[in-house]
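One letter stands for each residue in the lines below.
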Amino acid sequence: MAEIPYHMLRNRCDPDVLGFDTTARIGGESRLVGQARALDAIRLSARISHGDFNLYVLGPTGSGRHSATVEILSEQARTRETPCDRVYVNNFDAPHKPRALCLPPGVAPRFREAMRNLVDDLAGDIPALFESEEYQTQRRAIEEELSETQESAMADFADRAKQENVALLRTPMGFMLTAIRDGERVTNETFQKLDPEEQREIEERIARLQQELAEVLRQAPKLEREHRRKVENLNVEMAERAVSSRVAEFDSELLAIDCISDHVETVRQDIIANAELFLQATANASQGPFPEAVRRVHSDPTFDRYVVNVMVSHGEDAGTGAPVETEELPTLDRLVGRIEHVSHMGSLVTNFTMIKPGALHRANGGYLVLDARRLLSEPLAWDALKQCLKSRSIRITSMAERLSMVSTTSLEPDPIPLDLRVVLIGDRMLHALLVMLDPDFGELFKIQADFEETVDRSAENTALYARLLGAYANREGLRPVTAGGVARLIDEATRLADDSTKLSLRLGVIGDLLKEAEVYAGDRDSAQIEAADIARAVEEKDRRASRIRDRMQEAITRGTVLIDTEGAKTGQINGLSVIGFGDYRFGRPSRITARVRMGAGKLVDIEREVELGGPLHSKGVMILSGYLTARYALDLPFSLHASLVFEQSYGGIDGDSASSAELYALLSALSDLPIDQGLAVTGSVNQAGEVQAIGGVNEKIEGFFETCAARGLTGRQGVLIPKSNVEHLMLRDEVVEAVEADRFRIVSVETIDEGIALLTGTPAGERGADGAFPDGSVNARVEERLCAFAEARQAFGRAARPSGEGPEA
Amino acid sequence: MTATRTASLRVLVGAGSFADAEAALQMIDRLDRRLGELGGLFLEEMLLAEIAALPAQRVVTPGGMLKGAPSRRQLGALFEREAAAFRASLSRVAKTRKWEFERRQGELIGALYEAAQGWDILFVGHSATHRFPGQVVLIAPPPGAPQRAAEMAGDLASGLGRGLRSLSLAPERAATAGEPSAECFTDAAALLSRLSRLPAAALVVDLAAGPFHGAEGLRQLHEAARCPILVLGAGEGEPVAPVMPAG
């Protein structure tokens, strides 16, 4: 047990050791401090070429993990090859399966423009060729040839019929034949007068000629088919001439690329086969504001089939290495791309020009940084990402398609080979859940970069931290920070770390303080941010968040919540608890009381009985029972009935940091020794009676200090803390000043015996060689009381059993 | 001549079926600018009923199918429908012009030739026998005769967007060399033989100017040409066969 000297209550950074007057004097660039392990992991993931070494960056928000990750990835990306451009083009054989092409970086837009020019030019060239006299003449010749062939066949038949004295008659239904006899057409009447032989001969002749005529007429469709083929051949010949001529002028550098050359050849053949598209487009062209020569035909949907749909191009950043992409809203569509539809005649239609790229396309060949929580909260996005990483290809599938929600035409684009490193940034809880629940996660994300929350407050780290703050101020365009200001920030980082030997690496919080201090420095028209500005920022931040704390302190001051800070009471002690709202935490005292009587060895935790106590609190109380039974009246039944309660506590309580206070209250009640109410206690205890470290020690001390200060500090008031918490002390200046002025005290204890002695002013007492505690000591009084309970219980048992009661012989 | 070209023409369209009439009426639409009064004459050749009654008589359809010949009653009903369609089509083409329609019985060419009296033009309908009708063919009048047929053929060819081919008869002259669109024949049979092998879009002839005259000349041309025939001067000759007004 020792009172802690004031200089140990706050580890102050000396501005003089920082080695600069203001941050304007130190360099602008600085790396994160104390994150070597995480940064090495990021570097490894960035460099390793094998798949599945994707990265999960875990750590607290505001630790600079995101910017550090992007910075390292960007550095590594600059050393890597710029990935190829990716485009989708029409698959003329299977339009629902667009083809993906991989082009050298920067070529895609040029290819797209070249194809547009090709279409625009042919939209002029092809109609001109088909309107030419040359084409018209050849076409007329083919048509005349057909017509003459048909006419000749009919003429030949007519001649034969005439030679055989048969007349050809036209009727609305078709042709009829009849014999000519004596220059007259034979009718039914004249026919009947002929002799049978002549009738048979006429019938035979007519029947034969009818068959011949039918055969002549049946030749017409065949002849027309031949004609159509000839016209098609002529069209192809003419179109080929125009298209080949124009294709020969195609960008030769582009044609040197195999896949472009192949596609252009396919396009050439398709245009030749579908030259009528260009003729129709010209025929349908409305008179616009621009002359025909500058009309941009390629924008006509008819020519979508020749479009080059650029999914991703690295033209602008050619030579700058691989891409580093961040997708802030990683929905399924924005991640893997989407296929859009348009409404046409009441139905949804699409084509390959409506394929839109996603983040995976943009990042392909480089790095993609995603926020893990956002990714996991987007429906199907995580599954889609895993599937792409597993198959190492990007396959676009819409959510509706996956869920079979709509039935409409869709596409099956060629999967695009995927080679990228995905970096998820998230918290530790998510990482743990993914490891535990998703077997794929471990396979795909083999590297983790675990960002530290704190770093040792060594001289070296302090200097690096100062440089980091200077770089931050420069990067954010803030005023230079004086050495005093930096020292104050470093102290605040220590406070944030809850440890006087550490610095918090939650740079976001420290950066926010600096930005707020910038405002106050501006209010003062100061060119620099000074310690006072930082202090004001801390104070104002505390003030903004402290409404509930103030109301609670007010309730204590006004006696609404009963807390004694003077005098002594038996079985009553001031415990300390911490209340947190987001990032803001504060401490407050709570009255803990204990009541004892003879019983059957039961320790009642009232908080637990009414389900206001959490499991850790219950555990702490049960440890007390273990401590008592193992320490006192070992040869007698444990005959205590005790109850413990946090008075005026109406919310849940958890944690075991009040277990030592509860034990002190119990010991006070058992020993009937009053406890000094000017002291408050925090610390957990084990069954051996050792006081153990707890969290939030600074807030707890400050909470009791404020209560005491509001009522007037007496110099006897103070807080008992576990000795192991001494190095966590980073108290506010007002507390330190009060201790320095002997108006408040902070005492560290290692054992319950130390604590109870201080609280009761009576020695705890060690068990002597005779096995007994010294008379009058706290422990002796406790043991005596427990023995009395046991004996009373035995006596009660004997008295309660009726005489003669027992089994009969 | 200018006066002739600008004067409104009275045109009589004659046909034995709606399909034939429709082919002529579509061409008349192209002559709209010069069209005045329009007449329609549907000829019912009752001889067809007699011939259709022949034993084993069959009809060869334009598609080359052989079907049973129609009975007299069926033929009568068919004529009724065809005439109604002809009349409707005629009224559509006539638009706001004066028009008249008549049905007669008799032999087609003879009846049309006789009915053409008083009309400027007789248009003998004939449905197309092939998909790509060729040029407009002119039976060129002999030198010295009025050349109004040539002008009319030129207008028609221009209106139809077709070329113009001229066939002429000149017993003393050989075929014209170096003029593929003008052919000259030494006898009518050769001309008709050539005509029967030409895929003509339409034939234009002036029966008053020659070399073919009268109904018999028109009949020969109709038989050989198998296309609509625009006839000038038909009203200036004599009918060759008696005709009876229809029912």
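Everything numeric in this text was worked out from a predicted model, so none of it was measured. (Residues numbered from 1 in each chain as written. Chains lettered and ligands numbered in written order. Predicted model: local features only at pLDDT ≥ 70, side-chain atom pairs only at ≥ 80, totals over all residues.)

Section: the overall build of chain A
- Helix and strand counts for chain A stand at 28 helices and 31 strands.
- Across the 809 residues of chain A, 42% fall into the buried class.
- In chain A, once contacts between residues fewer than 6 apart in sequence are set aside, the share between residues at least 24 apart is 77%. (Helix = DSSP H or I, 4+ residues; strand = E, 2+ residues; numbered from the N terminus. Buried ≥ 20, exposed ≤ 12 C-beta atoms within 10 Å, placed from the backbone. Contact = placed C-beta atoms within 7 Å.)

Focus on the overall build of chain B
- Counting secondary structure elements, chain B contains eight helices and twelve strands.
- Within the span of chain B, comprising 247 residues, buried residues form 46% of the whole.
- When contacts within chain B are restricted to residue pairs at least 6 apart in sequence, long-range pairs at least 24 apart make up 76% of them.

Structural notes on the sheet that holds strand β22 (residues 572–581) of chain A
Residue and element names in this part refer to chain A.
- Reading across from one edge, β1-β31-β30-β27-β22-β23-β25-β24 is the order of the eight strands in this open sheet, with mixed pairing throughout. If you trace the sheet from one side to the other, it starts and ends with β1 (2–3) and β24 (602–605), each paired once.
- Alignment of β24 against strand β25 (residues 640–646), held across four bridges, turns out to be parallel. By the bridge assignment for β25, valine 604 is matched with serine 643.
- Against the sheet, helix α27 (residues 752–760) touches β27 (679–681), β30 (718–722) and β31 (745–749), its axis set at about 145 degrees to β31. (Pairing = 2+ DSSP bridges. Axes fitted to C-alpha atoms, helices over the stretch in contact; angles between N-to-C directions.)

Details of the interface of chain A and chain B
- Opposite the 34 residues of chain A that make contact, chain B presents 37 residues.
- Contributions of two or more residues to the side of chain A that touches chain B are made by α4 (133–163), β5 (166–171), β6 (174–181), α5 (188–192) and α6 (196–247) of chain A.
- Of all the elements, α4 of chain A adds the most residues to the side of chain A that touches chain B, at eleven residues.
- Looking at the side of chain A that touches chain B residue by residue, the class counts come to 14 nonpolar, nine polar and eleven charged. (Nonpolar A, V, L, I, M, F, W, Y, C, P; charged D, E, K, R; others polar.)

Side note on the environment of serine 158 of chain B
Residues and elements named next belong to chain B.
- Topologically, serine 158 is positioned in helix α6 (residues 148–160).
- Classification of serine 158 by C-beta neighbours within 10 Å gives exposed; the count is 12.
- Considered as a pair, serine 158 and valine 136 are 22 residues apart in the sequence and their alpha carbons are 9.3 Å apart.

Digging into unusual backbone geometry
Residue and element names in this part refer to chain A.
- Not every positive phi belongs to a glycine, and arginine 392 is a case in point at roughly 50 degrees.
- Residue placement: arginine 392 occurs in the loop between α13 (381–391) and β15 (393–394).
- For arginine 392, a count of 13 C-beta atoms within 10 Å translates into the label partly exposed.
- A positive phi angle, close to 45 degrees, is found at alanine 633, a residue other than glycine.

Details of the nonpolar core
- Core analysis: the biggest nonpolar cluster contains 114 residues, and Val57, Tyr367, Leu368, Val423, Leu424, Leu469 and Leu514 of chain A have the highest contact counts within it.
- For this core, the element with the highest residue contribution is helix α3 (residues 107–131) of chain A, accounting for eleven residues.
- Formed by 90 residues, the second largest nonpolar core is a distinct cluster that contains Val166 of chain A together with Ala83, Leu156 and Ala234 of chain B. (Core = buried A, V, L, I, M, F, W, Y, C linked by C-beta atoms within 7 Å.)

Section: helix α8 (residues 214–225) of chain B
All names here are of chain B.
- With twelve residues, α8 extends 16 Å between its outermost C-alpha atoms, agreeing within 8% with the 16 Å of an ideal straight helix rising 1.5 Å per residue.
- Next to the buried residues of α8 lie α5 (108–115), β6 (121–124), β7 (136–139), α7 (188–196), β10 (202–206) and β11 (229–232).
- The positive-phi residue at the C-terminal boundary of α8 is arginine 226, with phi of around 50 degrees. (Expected span 1.5 Å × (residues − 1).)

Quick word on the sheet that holds strand β17 (residues 421–426) of chain A
Residue and element names in this part refer to chain A.
- Ordered in space as β9-β14-β17-β2-β18, the five strands form an open sheet in which the pairing is parallel. In this open sheet, the two strands that pair with only one neighbour each are β9 (324–327) and β18 (447–450). With strand direction ignored, the average angle separating the axes of adjacent strands in the sheet is 20 degrees.
- Alignment of strand β2 (residues 55–58) against β17, held across four bridges, turns out to be parallel. Bridge pairing links leucine 55 to valine 423 in β17.
- Contacts between helix α15 (residues 428–437) and the sheet are confined to β2, β17 and β18, with β2 contributing the most and set at about 140 degrees to the helix.

A word on the environment of glutamine 269 of chain A
- Secondary-structure assignment places glutamine 269 of chain A in helix α8 (residues 258–273).
- Along the chain, glutamine 269 of chain A and phenylalanine 92 of chain A lie 177 residues apart, while their C-alpha atoms are 9.9 Å from each other.

Focus on the confidence of the model for chain A
- Residues of chain A with pLDDT of at least 70 account for 96%, and the chain-wide mean is 88.
- Note on residues 805–809 of chain A: pLDDT is under 50 here. Beyond four places in sequence and across chains, it has zero contacts. (pLDDT = per-residue confidence, 0-100.)

Digging into α7 of chain B
- Every buried residue belonging to α7 of chain B is among Leu191, Leu195 and Ser196 of chain B, and all of these are buried. The arc that holds every buried residue of α7 of chain B, seen down its axis, measures 135 degrees, which confines them to one face.
- For α7 of chain B, the secondary structure elements touched by its buried residues are α4 of chain A together with β7, β8 (164–169), β9 (182–185) and α8 of chain B. (Arc of directions from axis to C-beta.)

A short note on the packing of α3 of chain A against α6 of chain A
Residue and element names in this part refer to chain A.
- Packing of α3 against α6 leaves a shortest axis separation of 10 Å and a crossing angle of 145 degrees. With respect to the hand of their crossing, α3 and α6 are arranged in right-handed fashion. Residue-level contacts link Leu118, Asp121, Leu122, Asp125, Ile126, Leu129 and Phe130 of α3 to Met238, Ala239, Arg241, Ala242, Val243 and Arg246 of α6.
- Taken together, the residues of the contact of α3 with α6 sort by class into nine nonpolar, no polar and four charged. (Left-handed = near helix turned anticlockwise from the far one by under 90°.)

With respect to the packing of α5 of chain B against α8 of chain B
All names here are of chain B.
- Relative to each other, α5 and α8 sit at 130 degrees, their axes nearing to 9 Å. Judged by the inter-axis angle, α5 sits oblique to α8. Between α5 and α8 lies a crossing of right-handed hand. Here α5 contributes Ile109, Gly110 and Tyr113 to the contact with α8, which in turn contributes Ala215, Leu218, Arg219 and His222.
- Classifying every residue of the contact of α5 with α8 by side-chain character gives four nonpolar, two polar and one charged. (Parallel < 35°, antiparallel > 145°, perpendicular 65-115°, else oblique.)

Details of the pairing of β11 of chain B
Residue and element names in this part refer to chain B.
- Neither face of β11 is left uncovered, since the one carrying Ile229 and Val231 and the one carrying Leu230 and Leu232 both have all their residues buried.
- Across four bridges, the pairing between β6 and β11 is antiparallel. Bridge pairing in β11 links leucine 122 to valine 231.
- Taken together, β10, α8 and β11 form a β-α-β motif whose crossover is right-handed. (Right-handed = clockwise from strand over helix to strand, strands pointing away.)

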